[in-house]
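Below, each chain spelled out in residue letters.
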Protein chains: 2
Amino acid sequence: MFTPPPSLAHLSRPSLVVDLAKVRRNCAHMIAKAKANGVRLRPHLKTHQSHVVGRLLRDLGLGAATVSSVSMAQHFADDGWNDLCVAFPINLRELPQIDALAGRIHLASLVDHPATVHALAEALHHPLALWIKIDVGPRRCGLDPSQHEEIIALAQLIRAQPLLRLAGLLTHDSRTYGVSGAAAVSRCYRDTCQRLNEVRRLLADHGIAPLEISVGDTPSAALVDDWGEVDEFRPGNFVYYDLQQLAIGSCTPADLAAAVACPVVGLYPARSHAVVYGGAVHLSKQSQPAMPEIGLPETHWGAVLRPCGEAWAEPIPGAWVASLTQEHGVVHLPPEILAQLEIGDLLLIAPVHACLAAHALMADTHYCGAPPGAVEA
Amino acid sequence: MFTPPPSLAHLSRPSLVVDLAKVRRNCAHMIAKAKANGVRLRPHLKTHQSHVVGRLLRDLGLGAATVSSVSMAQHFADDGWNDLCVAFPINLRELPQIDALAGRIHLASLVDHPATVHALAEALHHPLALWIKIDVGPRRCGLDPSQHEEIIALAQLIRAQPLLRLAGLLTHDSRTYGVSGAAAVSRCYRDTCQRLNEVRRLLADHGIAPLEISVGDTPSAALVDDWGEVDEFRPGNFVYYDLQQLAIGSCTPADLAAAVACPVVGLYPARSHAVVYGGAVHLSKQSQPAMPEIGLPETHWGAVLRPCGEAWAEPIPGAWVASLTQEHGVVHLPPEILAQLEIGDLLLIAPVHACLAAHALMADTHYCGAPPGAVEA
């Protein structure tokens, strides 16, 4: 049962395994939803940072994407993406790199401070689109919607710079990561849309129009059917999903499209656990509270997936990563699973946060689930 | 005040900054302590994974070291280390790599299961030293000291294989990471030494002698003066130290030898915070409870260090990383610091767990504090 599928038999170290059949299905579903809403889908590529998955998104018709760093923008521009938004506040220490990239592709980024706009105006030789970052509640970056004067002044400042184009208002509502279920996520989303549209009307009243609205969180993209008055959606995690999204309700166990394959290096039936080569530097230290509804009764750092075909099916009840150190993962397992397991087997672990595992394992990623010849690294 | 020192002015992305003057002092202190105890110091290189720091350790007279993966062993063998212990259970999926490495250098590793010994005996063409991993309490890997029959049988099995040499008994007492202060750490350490020496006597009674004892945790190495009846100590973190070790009491603020330099990308005085480019993929998601004694009254993911000379002094009271997402760090700062800060400045952040930050930033590491010409990458 825990013999790895033959396609994974060559994996010798902790590796990200991506099921491209599930990725394709998750992507097609989100693309159809965006189309039905008449909203531009600009997927966030930080979830995977993968040229393979990026090409799959392009093959499905998407031409614009989101990234979270200048280096990530370079990584995807090098693979042919020519319309990227760095959805991260401008880092003034990378102005030369930003300018060079703005000379190669259609580049956008975001600002919430006039000092950044002045520095950009002084440094750039190429056009750059800017979104004003609005904080709808999470209190990370962005101007509060109530800061009318600052928002108007910033918009006017941007519009006064020849090489800068004001694209609109952008937010990332991470409040939806702290709730669960469609009703609670929808409440956050409606609040977000209302606040952003109020700011849009405020700016229109000051002659600053038309402006687009861009929103970003995967829970809203997945759980809200009517996306309302927004122009662009930037979810990322929907490509792989993970245990965090499963707990929120954004996906079903069948949608989990990325797993970390970890070699079993120790068996301890008396302690109800195995130890795998696969630790904090592979899965990340992001933990998640108990999910009793799928048999994970304690805080955990991953769940063990049931091998199926050349990939996996659902998480196995009672099988979770109970602790992580740098390279070790301690995996709690039911006795009947432990009895079947041998040292040297592979466990397929669903990460709590797929984006962090994918970042950690970029150099050790294996793709499955695609027709032969369909995947080019 | 927050103008980065000129030597750091070129850093544009989140980077690990290593103060080699502090590293050298921390290392010299631990080497002297090992010498005074008559114990072999086999430092764990996983903390830094750095050829520069590795060479510094060699320059101070050390010739043997510890690593936590086969690939890390290859990384250091490539830089001239010829006596390495992979202090991680043998990964049967890397037997060819282990065998090749055993043909190049003096290689050791650890086991706690007969299946692993059988697999090694079948696969190896080169000699390998093995330590039996004993679990003194943390319940991660290893045989319980009470498993007399299993320990004796495993020792005999190893000794029956022509290419395997039984080196002794090895443990890592991670219980010391959950306590604080010299008295509590010493209690753990005495318990560890007693258990391991009991097992050593058990094996001697069965004609299996002489065997060495190897222990590993940095808190014991730092806080216990009399290392007692052990032959080898494998601490790693003492080279850099970090907030976790500071909380345990293993070091003083002046010993913190590694920081993550993060560009400031947002200023939010109304929320008492700045946002830096520096997130979970740089600092790791490892958090730490409040340390009110140094002005960190809440759970945090790092502390802001006061810039000093070309490096830093102590953590600034009231300045801590309050939350982390993939690339963003939200940094709580006192009003007088926020008033001085500008977008584009660098903040120097002491990580909670230096090993994880160093792993994440291996490709973005900057060394300072060494005499000119002394550092070769």
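Residues numbered from 1 in each chain as written. Chains lettered and ligands numbered in written order. Predicted model: local features only at pLDDT ≥ 70, side-chain atom pairs only at ≥ 80, totals over all residues.

**Regarding the packing of helix α3 (residues 70-77) of chain B against helix α4 (residues 95-102) of chain B**
All names here are of chain B. Where α3 meets α4, the axes come as close as 10 Å, and the angle between the chain directions of the two elements is 30°. Relative to α4, the element α3 lies roughly parallel. Seen along the crossing, α3 lies across α4 with a hand that is left-handed. Contacts between α3 and α4 pair V70, A73, Q74 and A77 from the former with Q97, I98 and L101 from the latter. Partitioned by chemical class, the residues of the contact of α3 with α4 number 5 nonpolar, 2 polar and no charged. (Axes fitted to C-alpha atoms, helices over the stretch in contact; angles between N-to-C directions. Helix = DSSP H or I, 4+ residues; strand = E, 2+ residues; numbered from the N terminus. Parallel < 35°, antiparallel > 145°, perpendicular 65-115°, else oblique. Left-handed = near helix turned anticlockwise from the far one by under 90°. Contact = placed C-beta atoms within 7 Å. Nonpolar A, V, L, I, M, F, W, Y, C, P; charged D, E, K, R; others polar.)

**What to know about the environment of V331(A)**
All names here are of chain A. Assignment of secondary structure puts V331 in strand β14 (residues 328-332). The class for V331 is buried, based on 31 C-beta atoms found within 10 Å. Sequence separation of V331 and H300 is 31 residues, and the distance between their C-alpha atoms is 9.4 Å. Ignoring any residue separated from it by four or fewer positions in sequence, one finds V331 in contact with H273, A274, V276, V304, A319, V321, A322 and L347. (Buried ≥ 20, exposed ≤ 12 C-beta atoms within 10 Å, placed from the backbone.)

**Some remarks on the relation of the copies chain B and chain A**
For the pair chain B and chain A, the best superposition has an RMSD of 0.0 Å and corresponds to a rotation of 180° with a translation of 0.0 Å parallel to the axis. Both copies of the chain, as the preceding transformation shows, are related through a two-fold rotation axis. Relative to the rotation axis, the C-alpha of K285(B) is the closest in chain B, positioned 2.5 Å from it. In this assembly, 100% of the residues forming the interface of chain B have copies in chain A that are likewise at the interface, indicating an isologous arrangement. (Least-squares fit on C-alpha atoms with pLDDT ≥ 70 in both.)

**A word on the environment of D345(B)**
Relative to the helices and strands, D345(B) resides in the loop between α11 (335-340) and β15 (346-350). Once the C-alpha coordinates of D345(B) and V276(B) are considered, the two residues, 69 residues apart in sequence, prove to be 9.4 Å apart.

**Here's the deal with the sheet that holds strand β2 (residues 40-41) of chain B**
All names here are of chain B. Strand order in this open sheet of 8 strands is β2-β9-β8-β7-β6-β5-β4-β3, and the pairing throughout is parallel. Two strands close off the open sheet at either side, each with one partner strand: β2 and β3 (65-67). The pairing of β3 with strand β4 (residues 83-89) spans 3 bridges and is classified as parallel. Paired with T66 across the strands is C85, a residue of β4. (Pairing = 2+ DSSP bridges.)

**Focus: the domain arrangement of chain A**
Residue and element names in this part refer to chain A. Entries for chain A in the domain assignment read domain 1 (6-16 + 252-368) and domain 2 (20-240). Between the C-alpha centres of domain 1 and domain 2 the distance comes to 33 Å. Taken together, the contact pairs 11 residues of domain 1 with 14 residues of domain 2. Those elements that provide at least two residues to the side of domain 1 that touches domain 2 are α12 (354-360) and β16 (365-368). With 4 residues, the top contributor of residues to the side of domain 1 that touches domain 2 is α12. Of the residues contributing to the side of domain 1 that touches domain 2, the split by class is 8 nonpolar, 2 polar and 1 charged. (Domains from an automatic or database assignment.)

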